[in-house]
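# Fold and contact review
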Amino acid sequence: MKTLFPALVGLAVLAAPAFAGTTVESCNRSVTFDAPPKAAISNDVNLTEMMLVLGLADRMVGYTGISGWKTLDEEMRAGVKELPELSEKYPSKEVIVGADADFFFAGWNYGMKVGGEVTPETLEPFGVKVYELTESCIHIGPKAKVSMEDMYTDLLNLGRIFGIENKAQALVEGYRAELAAFDATVKKGDTPLRVFVYDSGEDTPFTAGRYAMPTAMIEAAGGLNIMDDFEKSWATVNWEAVVERDPEVIVIVNYGDVTAEQKIDFMKTNPAFADIDAVRNDRFVVLDYVEATPGPRNIRAIKKLAAAFWPN
């Protein structure tokens, strides 16, 4: 299996010999780094994978927020085998400071809560700089609709922060080229398919709105998120809206105690959903959490979606 963490040996993407300091935009803040971080912590599986794909494991002292909800697959286990999980769920301020960290890569609802004890402001006095996941910025202020550029921006900014800008640029250019080449091979329909993202919840469904990464991936694959006009990132809607908008495909996000198969069975056996096009035609596609949230696996996820949307 092709690894997600290539050595990139032949790309001649060496970092500049000296780091003169750099400033990046992180949500509504400008963050200046006088030197590349040496003791970084990442939160959640997708953010950790961004660090790994850039070859930054040796700049990390650990990761947080995975085993409490998700499991590491073989690729991820190999990537973090030398690193400790410092907290199974969201880390406390004491965990981050106690690890002598100098950098925390997290996001709002990806390791930090608005008004919580771990924020850029609470960590600053301890010399810990924070870079925030771009997708998550909607939780603290306005931003543009989600796009693949959100994920690319994070990789490029990490490259700048860690003094490996050329390597990050080569990686992103490779992703762009890969998707462009793939898109040229897909025979899409004249009208985008209506797609619903089912993350979790039975009484009310938790789903992806206008600012969540699946919206961008669905569009790249030739579909339209039926909650595209929902001015949220990941949030709860009501089932009546789902039935009314009649999705032709349902994307299941696979993680946690309730399996993808159980979520599909719930929808297929509930009489309230019997007339939904996707349910009647058994059109479900499963994305793992690490594929559905911003990160390197978004590329393969788009291919998986396109294959399910346009099987012929």
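What comes next is a walk through the structure. Source: prediction; values computed, not measured.

What counts, and at which threshold
Residues numbered from 1 in each chain as written. Predicted model: local features only at pLDDT ≥ 70, side-chain atom pairs only at ≥ 80, totals over all residues. Heavy atoms only, no water. Helix = DSSP H or I, 4+ residues; strand = E, 2+ residues; numbered from the N terminus. Rg over C-alpha atoms; globule rule 2.2 N^0.38 Å. Buried < 20%, exposed > 50% of the residue type's maximum accessible area, 1.4 Å probe, protein only. Contact = heavy atoms within 4.5 Å. Salt bridge = Lys/Arg side-chain N within 4 Å of Asp/Glu carboxyl O. Arc of directions from axis to C-beta. Phe/Tyr/Trp six-rings, centres within 6.5 Å; stacked < 30°, edge-to-face > 60°. Lys NZ or Arg CZ within 6 Å of the ring centre and 35° of its normal. Pairing = 2+ DSSP bridges. Axes fitted to C-alpha atoms, helices over the stretch in contact; angles between N-to-C directions. Disulfide = S-S within 2.5 Å.

### A word on the overall build of the protein chain
Within the protein chain, the secondary structure is distributed over twelve helices and 14 strands. For a compact globule of 312 residues, the expected C-alpha radius of gyration is about 20 Å, and the protein chain comes in at 20 Å, within 12% of that figure. Out of the 312 residues in the protein chain, the part that is buried amounts to 51%. Nonlocal contacts in the protein chain, meaning residues at least 24 apart in sequence, comprise 66% of its contacts between residues at least 6 apart.

### Quick look at the pattern of salt bridges
Enumeration over the complete set of coordinates arrives at 20 salt bridges. The partner of Glu-132 in a salt bridge is Arg-29, and the shortest N-O contact between them spans 2.9 Å. Within this pair, whereas Glu-132 is found in strand S8 (residues 129–132), its partner Arg-29 is found in strand S2 (residues 29–33), the two being separated by 103 residues in sequence. In this pair, the class of Glu-132 matches that of Arg-29, namely buried.

### Looking at helix H9 (residues 260–269)
All of the buried residues along H9 are Ala-260, Lys-263, Ile-264, Phe-266 and Met-267. Across the axial projection of H9, the buried residues extend over an arc of 155°, all falling on one side. Relative to its buried face, H9 has exposed residues pointing more than 90 degrees away, namely Glu-261 and Thr-269.

### So, the environment of Leu-72
Within the element layout of this structure, Leu-72 appears in the loop between strand S4 (60–64) and helix H2 (74–79). When its relative accessible area of 19% is taken as the criterion, Leu-72 is described as buried. Through-space distance from the C-alpha of Leu-72 to that of Val-290 is 9.5 Å; in sequence the pair is 218 residues apart. The residues contacting Leu-72, other than those within four sequence positions of it, are Val-45, Tyr-63, Ile-66, Arg-77 and Val-80.

### A closer look at the packing of aromatic side chains
All chains considered together, the criterion is met by 13 aromatic pairs. Look at Tyr-198 and Phe-266: their rings are 6.4 Å apart centre to centre, the planes differ by 40°, and that puts the pair in the tilted class. You can see Tyr-198 sitting in strand S9 (residues 193–198) and its partner Phe-266 sitting in helix H9, a full 68 residues away along the chain. Accessibility classification places Tyr-198 together with Phe-266 in one group, the buried group. Aromatic ring contacts, followed pair by pair, group Phe-196, Tyr-198, Trp-239, Phe-266 and Phe-273 into a single cluster. Sitting over the ring of Tyr-289, Lys-70 keeps its end group 4.1 Å from the ring centre. The ring of Phe-33 carries the charged tip of Lys-129 above its face, separated from the ring centre by 5.9 Å.

### Things to note about the sheet that holds strand S13 (residues 249–254)
An order of S11-S9-S13-S14 is seen for the four strands of this open sheet, with the pairing classed as parallel. Two strands lie at the open edges of the sheet, namely strand S11 (223–225) and strand S14 (284–288), each paired on one side alone. Direction aside, the axes of adjacent strands within the sheet are offset by 35° on average. Bridge count for S13 against S14 is five bridges, and the pairing is parallel. When the bridges of S14 are listed, Asn-254 appears paired with Asp-288. Along the sheet, H9 contacts S9, S13 and S14; its crossing angle with S13, the most-contacted strand, is approximately 145°.

### Here's the deal with the state of the cysteines
Applying the stated rule across the entire model yields one disulfide. Two residues share a disulfide in this structure: Cys-27 and Cys-137, whose sulfurs sit 2.0 Å from each other. Handedness of the Cys-27-Cys-137 disulfide follows from its S-S torsion of about -90°: it is left-handed. One end of the pair, Cys-27, is in the loop between strand S1 (22–26) and S2; the other, Cys-137, is in the loop between S8 and helix H5 (148–161), and 110 residues separate them in sequence. Taking the relative accessible area as the measure of exposure, Cys-137 reaches 10% and is therefore buried.

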